[in-house]
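A closer look at the structure
Here are the chains, one letter per residue:
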Protein chains: 2
Amino acid sequence: MPKLSFWYDFASTYSYLSAMRIETLAADRGIRIEWHPFLLGPIFKKQGWDTSPFNLNRAKGAYMWRDMERQCVSLGLPFVRPIPFPQNSLPAARIAYHGRRETWIGAFTRAVYHMQFALGEDISNPELLAALLLELGAPAKDIMHDIESAEVKIGLRAEVAEAERLGIFGAPSFVTEHGELFWGNDRLDEALDAAFMRVG
Amino acid sequence: MPKLSFWYDFASTYSYLSAMRIETLAADRGIRIEWHPFLLGPIFKKQGWDTSPFNLNRAKGAYMWRDMERQCVSLGLPFVRPIPFPQNSLPAARIAYHGRRETWIGAFTRAVYHMQFALGEDISNPELLAALLLELGAPAKDIMHDIESAEVKIGLRAEVAEAERLGIFGAPSFVTEHGELFWGNDRLDEALDAAFMRVG
């Protein structure tokens with residue numbers, strides 16, 4: 001079964017558009033998704049950015065919000081603008097990293113994005129995150145304990161380093177088994193197509 | 001007849017992908033293109049950038065070249081990487097600004113992009129630009145003289161200011177008669193759709 005790696009940051013607006021659709025689209029084509037929650041913050045910091053590029057460039061930021069509204073209408077997804085933006089995605093990323101190979105990872109990922117971009121909730125709230133896990137039948141209490149471990153913290157940091165090694169500079173990003181990188185929700189379909197074959 | 005404004009910089013890679021297709025796509029839908037050659041340099045400078053963002057961010061730059069290769073294959077367009085990048089687009093922009101309402105503007109725009117991205121020519125070369133104009137039946141000698149006038153220089157500068165007023169921060173960009181902005185070759189189809197109606 002061909003595989004596609006999906007790299008996403010929970011605070012990333014365009015990652016929302018892919019996260020809500022990727023598991024279904026991949027299943028339709030017989031592709032397995034490898035979930036890679038990670039953090040863009042450390043990668044942005046190396047560019048000298050202390051926040052989202054959409055906050056640093058006012059015109060680009062204003063455009064992005066309008067574009068997100070249009071894209072969500074077109075994809076049939078609800079959309080509210082998170083305040084503040086970007087949200088602190090670290091706790092959700094640690095949970096998703098810890099559970100990246102569990103059966104609930106897709107549903108958990110979608111639930112976090114839905115909380116943020118449909119309901120306007122604060123996704124750094126540990127009670128909210130624990131409630132989502134419980135709803136999915138996951139051992140919430142154990143997981144909320146485990147994510148404070150050095151193993152999870154170091155493991156997530158290693159994922160950021162691996163993202164950089166793969167040439168990733170933004171999210172969502174998709175990487176095929178042959179190392180072909182695709183960036184942005186606009187490339188989701190091409191990435192799925194490429195998952196079947198060596199491109200180029 | 002609905003109208004769509006097309007804002008492009010001759011040095012912009014993704015503008016090439018739109019410029020080669022937009023006139024045909026618009027004609028098929030009964031849309032008139034308003035040509036807006038402009039310069040991204042002054043807009044990038046205000047962000048503190050002294051070159052293309054693809055040169056400032058190595059990972060993003062490496063990705064862009066690979067993505068351009070793939071997009072050109074997919075669109076059936078030839079592609080060579082211009083050296084140096086970005087090219088000096090000022091002389092071509094002045095010619096295109098001067099001739100923005102002439103019948104040859106579409107053909108001239110495509111010819112400049114073709115010279116750069118298919119043949120690897122230096123598009124700041126005045127002899128090349130004059131030869132292209134001649135081939136299109138335009139009064140090349142007069143035009144090459146006119147583009148040194150204050151009228152053309154100031155007019156092109158005013159176009160950059162107008163681009164900023166419209167919220168433009170990159171190229172290609174498309175603006176409908178209702179002021180709806182679309183950025184990137186990936187939004188060309190949506191922009192053409194929106195040219196018919198008020199979106200949102």
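Throughout this description, residue numbers start from 1 for each chain and increase along the sequence as written. All chains are assigned letters beginning at A, and all ligands numbers beginning at 1, according to the order in which they are written. pLDDT decides what is reported in this predicted model: residues at 70 or higher carry local features, side-chain atom pairs at 80 or more are listed and counted, and totals for whole chains, interfaces and linings draw on all residues regardless. Side-chain numbers come from the whole structure's heavy atoms, not from hydrogens or water.

Spelled out, the test is: UniProt positions are given in the numbering used here, feature names are shortened, and annotations may be inferred rather than shown by experiment.
You'll find chain A entered in an unreviewed UniProt entry as 2-hydroxychromene-2-carboxylate isomerase, with Pseudovibrio exalbescens given as the organism. UniProt's Sequence similarities (unreviewed entry) comment on chain A is quoted here verbatim: "Belongs to the GST superfamily. NadH family." Checking UniProt for chain A, the heading Catalytic activity (unreviewed entry) contains the comment "2-hydroxychromene-2-carboxylate = (3E)-4-(2-hydroxyphenyl)-2-oxobut-3-enoate".

Looking at the overall build of chain A
The following threshold applies: Here a helix means four or more residues in a row that DSSP labels H or I, a strand means two or more in a row labelled E, and each is numbered from the N terminus. With the radius of gyration taken over C-alpha atoms, the globule rule is written as 2.2 Å times the number of residues to the power 0.38. A simple rule labels every residue: compare its accessible area, found with a 1.4 Å probe on the protein chains alone, to the largest value its type can have, and call it buried under 20%, exposed over 50%, or partly exposed in between. Any two residues whose heavy atoms approach within 4.5 Å are treated as being in contact. For the area figures, the Shrake-Rupley method with a 1.4 Å probe applies, and any residue is considered shielded solely by the protein chains shown.
Helix and strand counts for chain A come out as 11 helices and 4 strands. In summary, chain A has a C-alpha radius of gyration of 16 Å against a globular reference of 16 Å for 200 residues, a match within 12%. If you line up chain A on its principal axes, its C-alpha atoms span 45 × 40 × 35 Å. For chain A, the residues scored as buried account for 52% of the 200 residues in total. Across chain A, every contact between residues at least 6 apart in sequence was considered, and the portion connecting residues at least 24 apart equals 72%. For chain A, the exposed surface amounts to about 9,200 Å²; the carbon and sulfur share of it is 53%.

A word on the layout of surface pockets
The cut-off we apply is this: Detection works on a 1 Å grid of protein atoms alone, calling trapped sets that fit a 1.4 Å probe cavities and calling open sets with protein on both sides within 12 Å along at least five of seven lines pockets, with lining residues defined by an atom within 4 Å of a point. Grid points are joined across faces, edges and corners, and a volume is the space filled by probe spheres set on the points. Under the grouping applied here, Gly and all other residues not named as nonpolar or charged are polar, the nonpolar ones being Ala, Val, Leu, Ile, Met, Phe, Trp, Tyr, Cys and Pro and the charged ones Asp, Glu, Lys and Arg.
Within this model, the second largest pocket holds a volume of roughly 490 Å³. Along the wall of the second largest pocket there are 20 residues; nearest its centre are A:Asp186, A:Arg187, A:Glu190, B:Asp186 and B:Arg187. Secondary-structure elements contributing two or more residues to the lining of the second largest pocket are α5 (58–75) and α11 (188–194) of chain A together with α5 (58–75) and α11 (188–194) of chain B. For the lining of the second largest pocket, the class distribution of residues is 4 nonpolar, 6 polar and 10 charged.

Quick look at the sheet that holds strand β4 (residues 181–183) of chain B
All names here are of chain B. Inclusion rule: By the convention used here, strands pair only if DSSP detects at least 2 bridges between them. To define axes, lines are fitted to C-alpha atoms, for helices over the stretch in contact only, and angles between the resulting N-to-C directions are given on a 0 to 180 degree scale.
On the basis of which strands lie adjacent, the open sheet formed by 4 strands has the order β2-β1-β3-β4 and mixed pairing. Only two strands of the sheet have a single neighbouring strand rather than two, namely β2 (32–37) and β4. Going across the sheet, the axis of each strand differs from the next one's by a mean of 20°, ignoring polarity. For strand β1 (residues 3–8) and β2, the ladder comprises 6 bridges, and the chain directions are parallel. Within β2, the residue paired with Tyr-8 across the bridge is Pro-37. Packed on one face of the sheet, helix α2 (residues 22–29) meets β1, β2 and β3 (173–176) and runs near 155° to β2. Against the sheet, helix α7 (residues 105–117) makes contact with β1 and β2, and its axis sits at roughly 50° relative to β2, the strand it touches most.

With respect to the interface of chain B and chain A
Our working rule: Joining two parts hides part of their accessible area as seen by a 1.4 Å probe, and the buried area is that hidden amount summed over both. For this analysis, a salt bridge means a side-chain nitrogen from Lys or Arg found within 4 Å of a carboxyl oxygen belonging to Asp or Glu.
The interface of chain B with chain A comprises 21 residues on the first partner and 21 residues on the second. Across the chain B/chain A interface, buried area totals approximately 2,100 Å², and carbon plus sulfur atoms make up 44% of it. Run the count over chain B and chain A and you get 8 salt bridges. For the salt bridge of B:Glu180 with A:Arg70, the shortest nitrogen-to-oxygen distance reads 2.8 Å.

Section: the UniProt feature "active site" (unreviewed entry) in chain A
Residues and elements named next belong to chain A. Stated formally: The term polar contact refers here to a pair of N or O atoms within 3.5 Å; inside protein, the definition further demands a hydrogen-donor-capable atom paired with an acceptor-capable atom, and it admits residues adjacent in sequence only when both atoms are side-chain atoms.
Here, the residues flagged by UniProt with the feature "active site" (unreviewed entry) are Ser-12. With respect to the element layout, Ser-12 can be found in the loop between β1 (3–8) and α1 (13–19). Note on Ser-12: relative accessible area 9%, which makes it buried. Apart from residues lying up to four places away in sequence, Ser-12 is in contact with Tyr-113, Phe-117, Ala-171 and Pro-172. Among the polar contacts listed, one links the side chain of Ser-12 to the side chain of Ser-15, at a separation of 2.6 Å.

Brief notes about the relation of the copies chain B and chain A
What counts here: C-alpha atoms of residues with pLDDT of at least 70 in both copies form the basis for the least-squares superposition of the copies.
With an RMSD of 0.0 Å, chain B superimposes on chain A once it is rotated by 180° and translated 0.0 Å along the axis. Put plainly, the chains are arranged around a two-fold axis. For chain B, the smallest separation between a C-alpha atom and the rotation axis is recorded for B:Asp186, amounting to 3.6 Å. With an isologous cut-off of 70% or more, the 100% of interface residues of chain B that recur at the interface of chain A puts this contact in the isologous class.

Concerning the sheet that holds strand β4 (residues 181–183) of chain A
Residue and element names in this part refer to chain A. Taking strand neighbours across the sheet as the criterion, the 4 strands line up as β2-β1-β3-β4 in an open arrangement whose pairing is mixed. Two strands bound the open sheet, and with one partner strand each, they are β2 (32–37) and β4. For this sheet, the mean inter-axis angle between neighbouring strands, taken without regard to orientation, is 20°.

A short note on the pattern of salt bridges
Counted according to the given criterion, the structure contains 26 salt bridges over all chains. Between B:Arg66 and A:Glu180 there is a salt bridge, with the nearest N and O atoms lying 2.6 Å from each other. A residue pair is termed interchain when its members come from two chains, as with B:Arg66 in helix α5 and A:Glu180 in the loop between β3 (173–176) and β4. Residue classification places B:Arg66 among the partly exposed positions, given a relative accessible area of 24%. What makes A:Glu180 buried here is its relative accessible area of 10%.

Side note on unusual backbone geometry
With an omega of -5°, the peptide bond between A:Phe85 and A:Pro86 qualifies as cis. Secondary-structure assignment places A:Pro86 in the loop between α5 and α6 (90–98). That bond from B:Ala171 to B:Pro172 is cis: its omega, 0°, falls within 30 degrees of zero. Within the secondary structure, B:Pro172 sits in the loop between α10 (150–165) and β3.

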